[in-house]
Amino acid sequence: MKDSSPITEPIGQNLIKLIGNLCFSVFVFSVLIFTVIAITYQPPDPWLESAPALTRLFTQSENATFKNDNSLLNTGEDLQLSAASPDSGANPITEAAIERAEEGILGPSSKANPGCHEMAGGAVNCSDPRILIAVEKFNLRAFKSIVFLEYQAPVSGSKPDECDVAWRFRNKKEKSWRKYRDFRRFKMEIGDNCEYKVVHSGGWHSGINARRPSRSNATRGTRAKISTPVRDDEINDTIPSLGSDANFRKGRYLYYSGGGDYCKEMNHYLWSFLCGLGEAMYLNRTFVLDLNMCLPATYNPSNKDEEGKDFRYYFDFEHLKEVASVVEESEFLKDRKRWDKSNKKKVPVRKVATYKVTPMQLRKDKSTIIWRQFDAPEPENYWYRVCEGQAAKYIQRPWHALWKSKRLMNIVSEISGRMDWDFDAVHVVRGEKAQNKELWPHLDADTSPDALLLKLKGLIAPWRNLYIATNEPFYNYFDKLRSQYTVHLLDDYRELWSNTSEWYNETMLLNKGRPVEFDGYMRAAVDTEVLYRAKTRVETFYNLTKDCKDGINTC
């Protein structure tokens, strides 16, 4: 056997060690790089990622052919999940909760009921807690898209075997914590095992004996000329008062005045308004809010800008007060005037004449009032300019603070409830886009009645409730679809904003006794929310046409 060379052996061993050390170094270096990437990388937040798109949407310049699609209107409750309700004690009523309640009422010997045969031939006792148990079980089976929050005690209906029951609920697709109310009439019977059973349920708001008494009926010596609807007592959009002079003086306020945002498109208004509110939150100040709005011509049948609109017609002022510190402008000016009149020392005010003074520069300002004055020519006087540049890194627009008006949402719930929450919907965009063949060459043809019928046959089962959210002005345009579907349009529910409606009476109170028009912005808001509650939703620019939403070559 030949002996190995004493020189060759160390060289081989050293080479192996060198290769091993090199591989280990590469491994350690790779792990280090991977660790650094893992620590520093942040996955895209869909909410933050939407900011550039929102910026383009709300700040793009207008021209004659390239306008925003105003047929759908998103607010905070549509864009993200809202915070939990302040009254978090309202737990959903589930099958397990009903079973526990049933055990507590009936006990272990519930089947032994000597009065069963006597009850079977007579009237039902609506105060019997078993009636409510039967109704709760029925509702959970019948309305699977609803979260039931609380019930009132059943009362007698119009016949001996009928009971009227009221409850509060929330649609499962509702992203806010608001509650809505329904009351229905139930025909009851008693089965062989002495259990109450629902034979038939009436439609939306059919249980009139279970509704709250109208406030106006409580006034003696008056006779209502029209039937007064039930008022939503949960709406509290009263204007808050600062109270004493001392309370006013303790506060810190951010006041925006003037500006070129007035009578601009609502998207522009919201982008600017939320900039101001966001700056107030950043500075930890109370935002001075002017409730008077100007609705642009786009949403008005008169095709003219209309001033004197109330913020509360469109948005939930109660929710805004709960999540942000705001004071109404006239109250604020009145309190300031009273203070200056009764005190030698005036309220410290810092006037800011340009948006170029950033929120960061105002962060440590001790003045009671920071008064931003937007007196420059357009576009230098737009409120949203405050949130541009470096400020965009610090100011968060509080979309969560802006919800649609509860009065409009009550109309949404009524429309959905009349369809028993079991409906599909199609969003049909027409209007100016359908007329503009250069930017949307196929839209008009793709949304014609024949094309719609052909498309929808492959997407929605025949004879379903079909709600059509649209900006098409002609009511009979969709008549061909009635051969295959039970068609519902917003104008089918005109009585919900007629002069006998809850909405009409409530908005008149806000408008000092003057009627309020149900304008185009309100129509689009209601259409949007009904569409979002559909079981199947068909969109124009994703399902019906190959045209791009923002015009040719923009997909």
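All figures in this text were calculated on a predicted structure; none of them were measured in a lab.

A.B. asks: Please explain the packing of aromatic side chains as it appears in this structure.
C.D. replies: Following the criterion strictly, the structure yields 34 aromatic pairs and no others. An angle of 40 degrees between the planes, with centres 6.1 Å apart, marks the rings of Phe169 and Tyr180 as tilted. Residue Phe169 is found in strand S3 (residues 162–171), and its partner Tyr180 is found in strand S4 (residues 180–190); the two are separated by eleven residues along the sequence. Arranged with centres 5.4 Å apart and planes meeting at 20 degrees, the rings of Phe248 and Tyr253 form a pair that is stacked. A relative accessible area of 1% means that Tyr253 is categorised as buried. These aromatic residues form a ring-pair network of at least three members: Tyr256, Tyr269, Phe273, Phe287, Tyr299, Phe311, Tyr313, Tyr314, Phe315, Phe374, Trp383 and Tyr521. Here the basic side chain of Arg397 rests over the ring of Trp271, its NZ or CZ set 3.6 Å away from the ring centre.

A.B. asks: Would you take a moment to explain the pattern of salt bridges for this structure?
C.D. replies: Where charged atoms of side chains with opposite charge meet at close range, the side chains can pair. One pass over the full model with this rule turns up 41 salt bridges. Of the charged contacts in the structure, one is a salt bridge between Glu189 and Lys197, with a shortest N-O distance of 3.2 Å. Taking the relative accessible area as the measure of exposure, Glu189 reaches 35% and is therefore partly exposed. Close ionic contact of Asp491 with Arg494 constitutes a salt bridge, the shortest N to O distance being 3.5 Å. For Arg494, a relative accessible area of 47% gives the class partly exposed. The network of salt bridges with shared partners includes Glu174, Arg178, Asp316, Lys404, Glu529 and Arg533.

A.B. asks: What should I look at first to understand the packing of helix H13 (residues 406–418) against helix H18 (residues 520–532) in this one?
C.D. replies: Relative placement of two packed helices is described by the angle separating their axes and the distance separating the axes. Where H13 contacts H18, the two axes come as close as 9 Å, and the packing angle between them is 45 degrees. As judged from the angle between their axes, H13 and H18 are oblique. In this structure, H13 crosses over H18, and the sense of that crossing is right-handed. Counted together, Leu408, Met409, Ile411, Val412, Ile415 and Ser416 of H13 and Met522, Ala525, Val526, Glu529 and Val530 of H18 form the full contact between these two elements. For the contact of H13 with H18, the residue count by class is nine nonpolar, one polar and one charged.

A.B. asks: What's the story with H18 in this structure? I'm lost.
C.D. replies: Under the 1.5 Å per step criterion, the end-to-end length of H18 is 18 Å for 13 residues, consistent within 8% with the ideal 18 Å. With eleven of 13 residues buried, H18 lies mostly within the body of the structure. Those residues of H18 not exposed but buried are Tyr521, Met522, Ala524, Ala525, Val526, Asp527, Thr528, Glu529, Val530, Leu531 and Tyr532. One side-chain oxygen at the N-terminal end of H18 lies 3.1 Å from the backbone nitrogen of Tyr521; it belongs to Asp519.

A.B. asks: Sorry, what's going on with the sheet that holds strand S13 (residues 424–428) here?
C.D. replies: Across a sheet, paired strands are connected by hydrogen bonds in the backbone, their directions being either parallel or antiparallel. Taken in spatial order, the four strands of this open sheet run S15-S14-S13-S16, and their pairing is parallel. Because the sheet does not close on itself, it has two edges, and the strands there are strand S15 (486–489) and strand S16 (537–538). Bridging between S13 and S16 involves two bridges; their strand directions are parallel. By the bridge assignment for S16, Ala425 is matched with Arg537. In this fold H18 packs onto S13, strand S14 (465–470) and S16, with an angle of close to 145 degrees to the strand it touches most, S14.

A.B. asks: Please clarify how the nonpolar core should be interpreted in this entry.
C.D. replies: Across soluble globular proteins, nonpolar side chains show a tendency to be buried alongside one another. Ranked by size, the top nonpolar core spans 98 residues in total, and within it Met188, Phe273, Phe287, Phe311, Leu320 and Ile415 carry the most contacts. Ranked by residues supplied to this core, first place goes to helix H8 (residues 266–282) with ten residues. Once you skip the residues sitting within four places of it in the chain, Phe287 turns out to touch Leu254, Tyr256, Phe273, Gly276, Leu277, Ala280, Ser325, Val326, Val327 and Trp383. Within the second largest apolar cluster, 16 residues are counted, among which are Val426, Val428, Leu453 and Tyr477.

A.B. asks: Just checking my understanding: could you explain unusual backbone geometry for this structure?
C.D. replies: Cis geometry marks the peptide bond from Glu378 to Pro379; its omega dihedral reads 0 degrees. Counting through the fold element by element, Pro379 comes out in the loop between strand S12 (369–374) and H13. Even without being glycine, Asn553 reaches a positive phi, approximately 65 degrees. Topologically, Asn553 is positioned in the segment after helix H19 (540–544). Under the relative-accessibility criterion, Asn553 is labelled exposed at 73%.

A.B. asks: How do you make sense of empty space enclosed by the protein when you look at a structure like this?
C.D. replies: Remark: the empty space left among the atoms is shown by a probe the size of a water molecule rolled over them. Evaluation of the coordinates by the stated rule reveals two cavities of 30 Å³ or more. When its volume is computed, the largest cavity comes out at roughly 60 Å³. Lining the largest cavity are Ile235, Asp237, Arg312, Phe315, Asp316, Phe317, Glu318, Ser405, Lys406 and Arg407. Contributing elements (two or more residues each) for the lining of the largest cavity: helix H10 (317–323) and H13. The volume enclosed by the second largest cavity comes to roughly 50 Å³. Elements with a contribution of two residues or more to the lining of the second largest cavity: strand S1 (146–151), S3 and S4. Grouping the constituent residues of the lining of the second largest cavity by class yields seven nonpolar, no polar and two charged.

A.B. asks: It is not clear to me how the pairing of strand S7 (residues 286–289) should be interpreted in this structure. Could you clarify?
C.D. replies: Side chains on a regular strand alternate between the two faces of the sheet. Side chains Thr286 and Val288 project from S7 onto one buried face, and the interleaved Phe287 and Leu289 project onto a second face that is buried too. On the question of chirality, the crossover connecting strand S6 (residues 253–258) to the parallel S7 by way of H8 is right-handed. With three bridges connecting them, S7 and strand S10 (residues 326–328) associate as parallel partners. In the strand pairing of S10, Val288 is matched with Val327.

A.B. asks: Explain the sheet that holds strand S11 (residues 349–352) to me, please; I cannot follow it from the model alone.
C.D. replies: What the five strands build is an open sheet, ordered S10-S7-S6-S12-S11; its pairing is parallel. Every interior strand has two partners, whereas the edge strands, S10 and S11, have only one. Strand-to-strand twist of the sheet, defined as the mean angle between neighbouring strand axes without regard to direction, takes the value 25 degrees. Relative to S12, S6 is paired through six bridges, and the arrangement is parallel. Within S12, the position partnered with Gly258 by the bridge is Phe374. Here H8 sits on the sheet in contact with S6, S7, S10 and S12, set at roughly 155 degrees to S6. Where helix H11 (residues 329–342) meets the sheet, it contacts S6, S7, S10, S11 and S12, and its direction lies at approximately 80 degrees from that of S10.

Parameters at a glance
Residues numbered from 1 in each chain as written. Predicted model: local features only at pLDDT ≥ 70, side-chain atom pairs only at ≥ 80, totals over all residues. Heavy atoms only, no water. Phe/Tyr/Trp six-rings, centres within 6.5 Å; stacked < 30°, edge-to-face > 60°. Helix = DSSP H or I, 4+ residues; strand = E, 2+ residues; numbered from the N terminus. Buried < 20%, exposed > 50% of the residue type's maximum accessible area, 1.4 Å probe, protein only. Lys NZ or Arg CZ within 6 Å of the ring centre and 35° of its normal. Salt bridge = Lys/Arg side-chain N within 4 Å of Asp/Glu carboxyl O. Axes fitted to C-alpha atoms, helices over the stretch in contact; angles between N-to-C directions. Parallel < 35°, antiparallel > 145°, perpendicular 65-115°, else oblique. Left-handed = near helix turned anticlockwise from the far one by under 90°. Contact = heavy atoms within 4.5 Å. Nonpolar A, V, L, I, M, F, W, Y, C, P; charged D, E, K, R; others polar. Expected span 1.5 Å × (residues − 1). Polar contact = N/O pair within 3.5 Å; in protein donor to acceptor, adjacent residues only side chain to side chain. Pairing = 2+ DSSP bridges. Core = buried A, V, L, I, M, F, W, Y, C linked by side-chain atoms within 4.5 Å. 1 Å grid on protein atoms, 1.4 Å probe; cavity = no way out; pocket = protein on both sides within 12 Å on 5 of 7 lines; lining within 4 Å. Points joined across faces, edges and corners; volume = space filled by probe spheres on them. Right-handed = clockwise from strand over helix to strand, strands pointing away.

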